[in-house]
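Residue-level listing of the chains:
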Amino acid sequence: MRVTNSMISRTNLRNLSQSLGRLQDAQAQITSGKDFSKPSEDPARATSAMSTRKDIRRIEQRLRSIEDAQGWVGAADTQLSSALDRMVRAKEIAVNAGNGINALTPGARSALATELRAVRSDLLVVANATYAGRSLFAGTAAGVAYDGTGAFVGNDEPVIRDVSPTNAMTINVTGNQVFGASGAGAGSLFEVLDRMATAIEAGDRTATAAEQVNLDAAFERLRGASAMVGTKWSSLEQLSVRTRDEKVALTERLSQMEDIDMVESLIQVKSRESSYQAALQTTAKVMSMSLLDFLR
């Protein structure tokens, strides 16, 4: 078989092209940081990587849900702590009035009743607190939980967030759970405070003593609701830590599937660059003949 100059040229150019292609592939890996750029290069790993990315997106959605739940529960915890502080003052007023109500002047009783109504107003503000534009204690109802008279206008429906693959959590406590239901038993906390203020102002020792018992029960109910919210917060904290750890583990797994070993890839680039330069020099010597060489 006769080997012609054109055959040699084509072979050398083809080899040069292949060497340059290998160099470009190695450089592309360095630039992207990925071991492959198309699924067809490694279908098995590409399929696993896509599945892992899907799992990571689900976890990120779950983390957003947990963060929203933490925001809601944290806001409720803050408001309930404030309510407990105000309730402590209401109990102090009730005790002071009950211990010597007959000895108090009308002006003193009126001052205590006025302060007790101020506490009631503060607690009504707490009861209508919001998070992200929604009432904390109104259930799923739009608008405020209590109207200006202290009547509950929300509902007892749960506010639910998906916080794990198999579980959803009720993140709210309703006004009836926290402040008591109107017309049931002693009534709501606001009704108790109303009656207490009226009894103190009138100097009614018997009524004051009865409402003091009701106020103690309301305080315990409020404290129980605060403890319930604290338990929800603790659970969400643990879920957040576990979910973030799960995301880190999946991200590391994805990196192992896709990412290159940078040191190894740099060595590979230098090796292929040296091979390409050597091929260029060799080809230049082999293909150094010009048209003048044929004319001589």
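Note that the structure is a prediction, hence the values are computed from the model and not measured. (Residues numbered from 1 in each chain as written. Predicted model: local features only at pLDDT ≥ 70, side-chain atom pairs only at ≥ 80, totals over all residues. Heavy atoms only, no water.)

Draft legend 1. Representation of unusual backbone geometry. Phi is positive for Ala132, which is not a glycine, with a value near 55 degrees. Locating Ala132 in the fold gives a position in the loop between β1 (130-131) and β2 (134-135). You can call Ala132 exposed: its relative accessible area is 68%. (Helix = DSSP H or I, 4+ residues; strand = E, 2+ residues; numbered from the N terminus. Buried < 20%, exposed > 50% of the residue type's maximum accessible area, 1.4 Å probe, protein only.)

Draft legend 2. Seen up close, the packing of helix α3 (residues 106-127) against helix α5 (residues 189-202). Viewed as axis vectors pointing N to C, α3 and α5 meet at an angle of 170 degrees, and their least axial separation amounts to 8 Å. Considered as vectors, α3 and α5 are oriented roughly antiparallel to each other. Taking contact as the criterion, the partners of Arg109, Ser110, Leu112, Ala113, Leu116, Arg117, Arg120, Leu123, Leu124 and Ala127 in α3 are, on α5, Leu189, Phe190, Leu193, Asp194, Met196, Ala197, Thr198, Ile200, Glu201 and Ala202. Taken together, the residues of the contact of α3 with α5 break down into 13 nonpolar, two polar and five charged. (Axes fitted to C-alpha atoms, helices over the stretch in contact; angles between N-to-C directions. Parallel < 35°, antiparallel > 145°, perpendicular 65-115°, else oblique. Contact = heavy atoms within 4.5 Å. Nonpolar A, V, L, I, M, F, W, Y, C, P; charged D, E, K, R; others polar.)

Draft legend 3. Representation of the packing of aromatic side chains. The full count for this structure, using the stated rule, is six aromatic pairs. Centre to centre, the rings of Tyr146 and Phe152 are 5.2 Å apart; their planes meet at 55 degrees, and the pair counts as tilted. Tyr146 gets classed as buried once you look at its relative accessible area, which sits at 1%. Looking at Lys91, its charged tip hangs above the ring of Phe219, at a distance of 5.3 Å from the centre. (Phe/Tyr/Trp six-rings, centres within 6.5 Å; stacked < 30°, edge-to-face > 60°. Lys NZ or Arg CZ within 6 Å of the ring centre and 35° of its normal.)

Draft legend 4. Main features of the nonpolar core. Of all hydrophobic cores here, the largest spans 51 residues; its most connected members are Phe137, Phe179 and Leu215. Among the secondary structure elements, those contributing two or more residues to this core are α2 (43-100), α3, α4 (175-179), α5 and α6 (205-258). The greatest single-element share of this core, amounting to 14 residues, is contributed by α2. Among the nonpolar cores identified, the runner-up in size contains seven residues, and Ile56, Ile59, Leu63 and Leu254 belong to it. (Core = buried A, V, L, I, M, F, W, Y, C linked by side-chain atoms within 4.5 Å.)

Draft legend 5. The environment of Pro158, seen in detail. Within the secondary structure, Pro158 is located in the loop between β2 and β3 (160-162). Owing to a relative accessible area of 35%, Pro158 belongs among the partly exposed residues under this scheme. Considering only alpha carbons, one finds Pro158 and Asn172, 14 residues apart in sequence, at a separation of 6.4 Å. Beyond its immediate chain neighbours, meaning those up to four positions away, Pro158 contacts Thr140, Thr170 and Asn172.

Draft legend 6. Here's a closer look at the side chain of Arg161. Structurally, Arg161 is set in strand β3. Owing to a relative accessible area of 19%, Arg161 belongs among the buried residues under this scheme.

Draft legend 7. Structural context of the environment of Ala138. If you trace the backbone, Ala138 turns up in the loop between β2 and β3. Residue Ala138 is classed as buried on the basis of its relative accessible area of 0%. Along the backbone, Ala138 and Val159 are 21 residues apart, and their C-alpha atoms lie at a distance of 9.8 Å. In contact with Ala138, not counting residues within four places along its chain, are Gly143, Val144, Ala145, Phe152, Gly154 and Asn155.

Draft legend 8. Expanded view of the pattern of salt bridges. Considering all chains together, one arrives at 13 salt bridges under this definition. The partner of Arg58 in a salt bridge is Asp55, and the shortest N-O contact between them spans 2.3 Å. Remark: Asp55 and Arg58 occur in helix α2; sequence separation between them is three residues, near one turn of the helix. Since its relative accessible area comes to 22%, Asp55 is described here as partly exposed. For the salt bridge of Glu67 with Arg244, the shortest nitrogen-to-oxygen distance reads 2.8 Å. Taken together, the residues Glu67 in helix α2 and Arg244 in helix α6 connect sequence positions 177 residues apart. (Salt bridge = Lys/Arg side-chain N within 4 Å of Asp/Glu carboxyl O.)

Draft legend 9. Quick look at the packing of α2 against α5. Two elements in contact, α2 and α5, have axes separated by 11 Å at closest approach and are oriented at 30 degrees. The angle between the axes of α2 and α5 places the two elements in the roughly parallel class. Once α2 is placed against α5, the crossing between them reads as left-handed. Here Met87, Ala90, Ile93, Ala94 and Ala97 of α2 lie close against α5, whose contacting residues are Leu189, Leu193, Met196 and Ile200. Residue composition of the contact of α2 with α5, by class: nine nonpolar, no polar and no charged. (Left-handed = near helix turned anticlockwise from the far one by under 90°.)

Draft legend 10. Seen up close, the environment of Ala111. For Ala111, the position within the fold is in helix α3. With 86 residues separating them in the primary sequence, Ala111 and Ala197 have C-alpha atoms 9.9 Å apart.

Draft legend 11. View of α5. A rise of 1.5 Å per residue sets the reference length of α5, with its 14 residues, at 20 Å; its end C-alpha atoms lie 20 Å apart and thus fit the reference within 8%. Among all positions of α5, only Leu189, Phe190, Val192, Leu193, Met196, Ala197, Ala199 and Ile200 are buried. Once α5 finishes, Gly203 follows within two positions and takes phi at roughly 75 degrees, a positive value. (Expected span 1.5 Å × (residues − 1).)

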